[in-house]
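Spelled out from the first residue to the last, the chains are:
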Amino acid sequence: MRKMCVLLVINLLLLSVPLACTGSEEYAIIDVDLDEVLERGVPFPRFWTSTGLCPPAPRQSTADFLLSDDSLLNLEIIGSLPNEGLTHVRIHWLLEMLNFSHYDDRKNIFYNFTQLDVLLDNLREFGLSPGLEIMGNPADGSNATSDIYAKERKHRFEYFWTDLTMQVASRYINRYGVRNVQKWRFETWNEPDLKGYNVLNFTVNEYMQYIRSVRLGLDAASRLLNNPRLQLRGPAGLFRTGDHHPFCWSSLKFCNDFPRKCPFEIVTFHRKGSGLRADEIVTGGMELVHQLRDMFPNISHLQFANDEADPIASWSTPRSFQANVKYGAILVSTVFQHWSALLQGRFPNLESISHDNAFLSYHPFEFDQRTLLARFQMNLTSPRHVQFIVKPVYSALGMLANSGLMATEVKYDIRTNVSYLVSYESDPFYACILAAQSNDSSDPTDRRFSLNINVKLPENLSSQTVGYVVEALQLELTDPYYVWSFYGKPSYPTDQEFRAMRGVQFPSLLVEPTLLAGSDRLKIDLSVRSPWILSIRICSTVYPKPGPVTNIRIRKVFENQVLIFWKQTVDFGRCTLGYQIWFRPTGGSWHFINANQHTPFLFFQFVSSDDLGVKGHYRVRPMDLLGRFGTFSEVRYFEG
């Protein structure tokens, strides 16, 4: 009987269909005239595609943590959003992965880069660029009690940092090419004013020498390889009072007094919220930038970036809103509000924001910490393994990734906490209406919400057929945390419980892909559960078929379980609805292994039966919302 009840509840969770609007529900009307949108649109920079993490203490174990199976799998899933949904990961203490090798006869320093090479090779394969902070102390492998930096500090302080920065930059330009390394985000020491980070005990004078030396090192690498200047970001600080945070303020005073010698192209700072409202983040950032520009007018031409634009500080503190759709809605609202401030000129020279949420959650807070994924450490299996479940905030980033290259102003309805953004591409035509309803971290006043959506299609599409699809995230419906809670929050979920969580971890299809011909309007009535995030994508039939799928990777999870990853070119990828994954066991026939499962992102976890197994051949092909298929990828064999 209990099993039947469980299956009934899970089936209800998976049910997501349009409903007629009722008068008893809170409601909003979204009217979009796409001809007006095409007239008013401006370029829409993707300023939110960075995440970050800090390896746990002790920092000397940074390499062990970052190269662990759990960490690499976490990063690979993070890099598997479509259309470069996340492009950068900012990681503290990367220089702790270097080891001092030897001095030559001229006292030049040589390092062993092996561990850092492995991490950066993996990031490149995952489609991620590093936020590479010149931060940490390379270990002296010849003597665990010695310190290469201490040896150099007294007599060659500036040389040490210039040489180290030059070696890092030049090595990876040679390894990956200048075009790839130019995408990296080189940055100075994170929050140098805090004792927990200033482990080398810089004085203010030494810190000023350090940032100038890092700049010289990047310039030396560029000249050495006859390459363009590499940008430097900093000081990555909190910018509290001058008495307590002299490093950050001193660096900008130097830039103001000597603008031609300023080491930074992009001024980075950290402004989080208090956990109540998303607007605290953008308001705090704007207030600081205006203060800096007033105090230091000679830096007004520089760009600004909020490296840690999170709802609240302390990633590991468990909070209920971080487990479910509320966090995803807050992140979407944060992006919307920064775009409005940038578009209206209220946030001058905003370059980017980053979310500090690439951490690995741990028991018993698998969902409640500020992370993109929930990690389950299956310590009772032999061998031990890890299972990851996507949280709604990850799926929210995937929905943002489908935004077009042009956009208009965000529309707000203060009464209902609904906001929406229309982005598009004009030739060939594509539009994405992304809407969200959130009372931030507070509970919604009404559980159900009615939406009347009216879209007037462009006049020049009157002779064309268009396709559209509606996807959504809703509290408790596309919410693996709710399923986990239903089962009693088990430390070691069963296969059935994992299957139920994965069944609701991605956006659901509220309206299946639909073709519309001979009509100039699109009208949709929905009833959704608050808080929610909604995406309507519209594609013309002249939009090209999905681009090819490449770089198939198969990762073993456990017995008869694998994660399949792939890549797809970004060009013309926004009309992609999902992916078909096919498997052929050795000596058998092809099986469509994700049939009836919406797979909108660039990975899929295959849990096979004992009879079928996982050893064999795999191939993937994309399908767009017009019902057209892209070509199959090359076949990849997995030995099991």
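None of these values were measured; they are calculated from a predicted model.

**Q** Which residues make up the environment of Q568, and what are the values?
**A** Mapped onto the elements, Q568 comes out in strand β26 (residues 561–568). Residues Q568 and D193, 375 residues apart in the sequence, show an inter-C-alpha distance of 42 Å. Residues contacting Q568, with those up to four places away along its chain left out, are P546, G547, P548, T576, Y579, L602 and P622. A polar contact of 3.3 Å, which involves the side chain of Q568, links it to the backbone oxygen of G547.

**Q** Outline unusual backbone geometry, listing residues and values.
**A** For the peptide bond that leads from A57 to P58, omega is -5 degrees, which places it in the cis range. Turning to its location among the elements, P58 is positioned in the loop between β3 (50–53) and α3 (62–66). Omega for the peptide link from S382 to P383 comes to 0 degrees, which places this bond in the cis form. Position of P383 relative to the elements: it lies in the loop between β14 (373–378) and β15 (385–390). One non-glycine residue, N83, lies in positive phi territory at about 55 degrees. Mapped onto the elements of the fold, N83 is located in the loop between α4 (69–78) and β4 (88–91).

**Q** Outline the sheet that holds strand β23 (residues 521–529), listing residues and values.
**A** Strand order in the open sheet formed by 3 strands is β1-β20-β23, and the pairing between neighbours is mixed. Strands at the two margins of the open sheet, each flanked by one partner only, are β1 (26–33) and β23. Taking each pair of neighbouring strands and ignoring which way they run, the sheet shows an average axis angle of 15 degrees. Pairing between β1 and strand β20 (residues 448–456): 8 bridges, direction parallel.

**Q** Now, about the pattern of salt bridges: what can you tell me, with residues and values included?
**A** Pairing between side chains of opposite charge can happen when the charged atoms of each approach one another. All told, the structure shown has 34 salt bridges when counted by the stated rule. Its salt-bridge partner being R384, residue D70 comes within 2.7 Å of it at the nearest N-O pair. Of this pair, D70 sits in helix α4 while R384 sits in the loop between β14 and β15; the two residues are 314 residues apart in sequence, bridging distant segments of the chain. Its relative accessible area of 37% is what places R384 among the partly exposed residues. Ionic pairing is found between R277 and D279, a salt bridge with its closest N-O pair at 3.0 Å. Residues joined by salt bridges that share partners form a network here, namely R90, E133, E187, K272, D307, E308, D310, D356 and R370.

**Q** Describe in detail the pairing of β15, supporting the description with residues and values.
**A** When you tally the buried positions in β15, you get 6 out of 6 residues, the bulk of the element. Here β15 shows two buried faces, one formed by H385, Q387 and I389 and the other by V386, F388 and V390. Both β14 and β15 contribute to a ladder of 6 bridges, which runs antiparallel. Across the sheet, residue R375 finds its bridge partner in β15, namely F388. Counted between consecutive antiparallel strands, the loop separating β14 from β15 contains 6 residues.

**Q** Lay out the sheet that holds β26 with the relevant residues and their values.
**A** A sheet is described by the order of its strands in space; here 3 strands give the open sequence β25-β26-β29, paired in antiparallel fashion. What marks the edges here is a single partner per strand, and that holds for β25 (549–558) and β29 (603–607). Strand-to-strand twist across the sheet, computed as the mean angle between neighbouring axes with direction ignored, equals 20 degrees. Across 5 bridges, the pairing between β26 and β29 is antiparallel. Note that in β29 the partner of I564 across the bridge is F604. Contacts from α4 reach β25, β26 and β29 within the one sheet, and its direction differs from that of β26 by about 40 degrees.

**Q** Could you give an account of the packing of aromatic side chains, with specific residues and numbers?
**A** Aromatic rings considered in pairs are described by the distance between their centres and by the relative angle of their planes. In total, this model carries 52 aromatic pairs according to the counting rule given. On the numbers, 5.6 Å between centres and 80 degrees between planes, the contact of Y394 with F601 is edge-to-face. On the criterion of sequence distance, the pair formed by Y394 in helix α12 (residues 392–400) and F601 in the loop between β28 (591–592) and β29 is long-range, its members being 207 residues apart. Ring centres 5.3 Å apart and planes at 55 degrees place the aromatic pair W566 and Y579 in the tilted group. Of the two residues, W566 sits in strand β26 while Y579 sits in strand β27 (residues 576–585), which places them 13 residues apart along the sequence. For W566, a relative accessible area of 0% corresponds to the buried category. For Y579, a relative accessible area of 5% gives the class buried.

**Q** Pulling in residues and values, what's your account of the packing of helix α11 (residues 325–343) against α12?
**A** Here α11 crosses α12 at 35 degrees, and the two axes come no closer than 7 Å. In terms of crossing hand, the pair formed by α11 and α12 is right-handed. Every residue of α12 that contacts α11 at V325, Y327, G328, L331, V332 and V335 is listed here: P392, V393, A396, L397 and L400. Its residues assigned to classes, the contact of α11 with α12 shows 10 nonpolar, 1 polar and no charged.

**Q** Can you break down helix α5 (residues 114–126) residue by residue, with the values?
**A** Taking 1.5 Å per residue as the helical rise, α5 with its 13 residues ought to reach 18 Å, and the 19 Å between its terminal C-alpha atoms agrees with that figure. Residues of α5 that are buried include every one of L116, D117, L119, L120, N122, L123 and F126, and no others. Phi turns positive, to about 85 degrees, at G127, one or two residues after α5.

**Q** So, the environment of L132: which residues are in play, and what are the values?
**A** Here L132 lies in strand β7 (residues 129–132). Look at L132 and you get buried, because its relative accessible area is 0%. Measuring from C-alpha to C-alpha, the distance between L132 and V469 comes to 39 Å, with 337 residues separating the pair along the chain. Setting aside anything within four residues of it in sequence, one finds L132 in contact with L94, L120, V168, W184, R185, F186 and E187.

Calculation rules
- Residues numbered from 1 in each chain as written.
- Predicted model: local features only at pLDDT ≥ 70, side-chain atom pairs only at ≥ 80, totals over all residues.
- Heavy atoms only, no water.
- Helix = DSSP H or I, 4+ residues; strand = E, 2+ residues; numbered from the N terminus.
- Contact = heavy atoms within 4.5 Å.
- Polar contact = N/O pair within 3.5 Å; in protein donor to acceptor, adjacent residues only side chain to side chain.
- Pairing = 2+ DSSP bridges.
- Axes fitted to C-alpha atoms, helices over the stretch in contact; angles between N-to-C directions.
- Salt bridge = Lys/Arg side-chain N within 4 Å of Asp/Glu carboxyl O.
- Buried < 20%, exposed > 50% of the residue type's maximum accessible area, 1.4 Å probe, protein only.
- Phe/Tyr/Trp six-rings, centres within 6.5 Å; stacked < 30°, edge-to-face > 60°.
- Left-handed = near helix turned anticlockwise from the far one by under 90°.
- Nonpolar A, V, L, I, M, F, W, Y, C, P; charged D, E, K, R; others polar.
- Expected span 1.5 Å × (residues − 1).

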